[in-house]
Amino acid sequence: FPTRRSSDLMLASLELGFQDAPCLRFIAWPEILGRAPQAVRASTTPFRAPVPSGGHLVPDGLFGIEYGQGGPKTYRFFALEADRGTMPVVRSNPNQTSFLAKLAVYREIIAHQVHKTHWGVPNLLVLTVTTGETRMMDMLKQLEGQTGGTAAFLFKAVGASSLTTPAMGLLSEPWARAGSPPLRIDA
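The model shown is predicted, which means the values in this text are computed figures rather than measured ones. (Residues numbered from 1 in each chain as written. Predicted model: local features only at pLDDT ≥ 70, side-chain atom pairs only at ≥ 80, totals over all residues. Heavy atoms only, no water.)

Quick notes on the pattern of salt bridges
Counting across every chain of the model gives five salt bridges. R25 is the salt-bridge partner of E31, the closest N and O atoms lying 2.9 Å from each other. Where salt bridges share partners, they join R25, E31 and E66 into one cluster. (Salt bridge = Lys/Arg side-chain N within 4 Å of Asp/Glu carboxyl O.)

Right, here's the structure in full:
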């Protein structure tokens, strides 16, 4: 993945949470890549997912969780977006970049199951870690207003300082969703 300090810290924060969760196993990007289709493994940019309407999407991070070690296993896979608050949540001109436009690309990828064909993962949830509660609430409101809510998008406000230092609780605390109840990703 492109080097991004804030997304690396978020992934490290999540991975630290696994020390207290013996029934969970963190699935890192190299393991996901090792099981991806051969063409993706051979690519110089395997993390770039093709978007059906054109272009590519590069998540800030990609990981999975294996649930139920020692018993029946289930899996969830996550794209991570570390929002530093530099991009507007929404714009009046749909041709300009916005966070809501990025989520629309994720919706397209999930609807066309690109995550399955490109990375070989059976499901995909999108985690957005953002700089503050107000910004997160705006994201949730805009997403719900545009789509009525999408359970695949999870949000957490950590404060700007947590984008430069580890953010504890990312694994064990509930994530907000637009139009759906919060979800704990460790359960």
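Next, the rest of the story.
Topic: the packing of aromatic side chains
One pass over the full model with this rule turns up three aromatic pairs. A centroid spacing of 5.5 Å and a plane angle of 15 degrees characterise the contact between F26 and F63, whose relative ring orientation is stacked. Of this pair, F26 sits in strand β1 (residues 24–27) while F63 sits in strand β4 (residues 61–67), and the two are 37 residues apart along the sequence. Each member of the pair F26 and F63 is classed as buried. The class for F63 is buried, based on a relative accessible area of 1%. Across from the ring centre of W175, 5.4 Å away, lies the NZ or CZ of K156, which sits over that ring. (Phe/Tyr/Trp six-rings, centres within 6.5 Å; stacked < 30°, edge-to-face > 60°. Helix = DSSP H or I, 4+ residues; strand = E, 2+ residues; numbered from the N terminus. Buried < 20%, exposed > 50% of the residue type's maximum accessible area, 1.4 Å probe, protein only. Lys NZ or Arg CZ within 6 Å of the ring centre and 35° of its normal.)

A look at the side chain of T150
As for its position among the elements, T150 is in the loop between α6 (133–147) and β7 (153–157). Apart from residues no more than four positions distant in its own chain, T150 is found in contact with R107 and A178. (Contact = heavy atoms within 4.5 Å.)

Some points on α6
The terminal C-alpha atoms of α6, which comprises 15 residues, lie 21 Å apart, in line with the 21 Å expected from a rise of 1.5 Å per residue. Taken as a whole, α6 has its buried residues at R135, M136, M139, L140 and L143. Each buried residue of α6 sits inside an arc of 140 degrees when the element is viewed along its axis, so together they form one side. α6 presents T134, K141 and G145 as exposed residues on the side facing more than 90 degrees away from its buried surface. Lining the buried residues of α6 we find α4 (99–111), β6 (125–130), β7 and β8 (175–177). Count one or two residues on from α6 and you reach G148, which has phi positive near 80 degrees. (Expected span 1.5 Å × (residues − 1). Arc of directions from axis to C-beta.)

Some remarks on the pairing of β4
For a regular strand, side chains alternate in direction, first toward one face of the sheet and then toward the other. Within β4, seven of the seven residues are buried, leaving the element largely enclosed by the surrounding structure. Every second residue of β4 is oriented toward a common face, with G61, F63, I65 and Y67 on one face and L62, G64 and E66 on the other, all of them buried. As defined by bridge partners, β4 adjoins strand β5 (residues 74–82) across seven bridges and the pair is classed as antiparallel. Bridged to G64 within β5 is F77. What sits between the antiparallel neighbours β4 and β5 is a turn of six residues, in which G68 has the positive phi angle 80 degrees. (Pairing = 2+ DSSP bridges.)

Digging into the nonpolar core
Formed by 32 residues in total, the largest nonpolar core has its most connected members in I32, L103, W119 and F155. Counting residues per element, the ones that place at least two in this core are α2 (29–35), β5, α4, α5 (114–119), α6 and β7. At five residues, α4 tops the list of elements feeding residues into this core. Not counting chain neighbours up to four residues away, the residues in contact with I32 comprise I27, L62, F63, G64, F77, W119 and V121. In this structure, F63, F78, A152 and V158 belong to the second largest nonpolar core, which totals 26 residues. (Core = buried A, V, L, I, M, F, W, Y, C linked by side-chain atoms within 4.5 Å.)

Here's the deal with the pairing of β5
Here β5 runs beside β6; their pairing, made up of five bridges, is parallel. Bridging across to β6, E81 finds its partner in T128.

Re α4
Look at α4: 18 Å from first C-alpha to last across 13 residues, which is about the 18 Å you get at 1.5 Å a residue. Residues of α4 that are buried: F99, L100, L103, Y106, E108 and I109. Positive phi appears at Q113, one or two residues downstream of α4, with a value of about 55 degrees.

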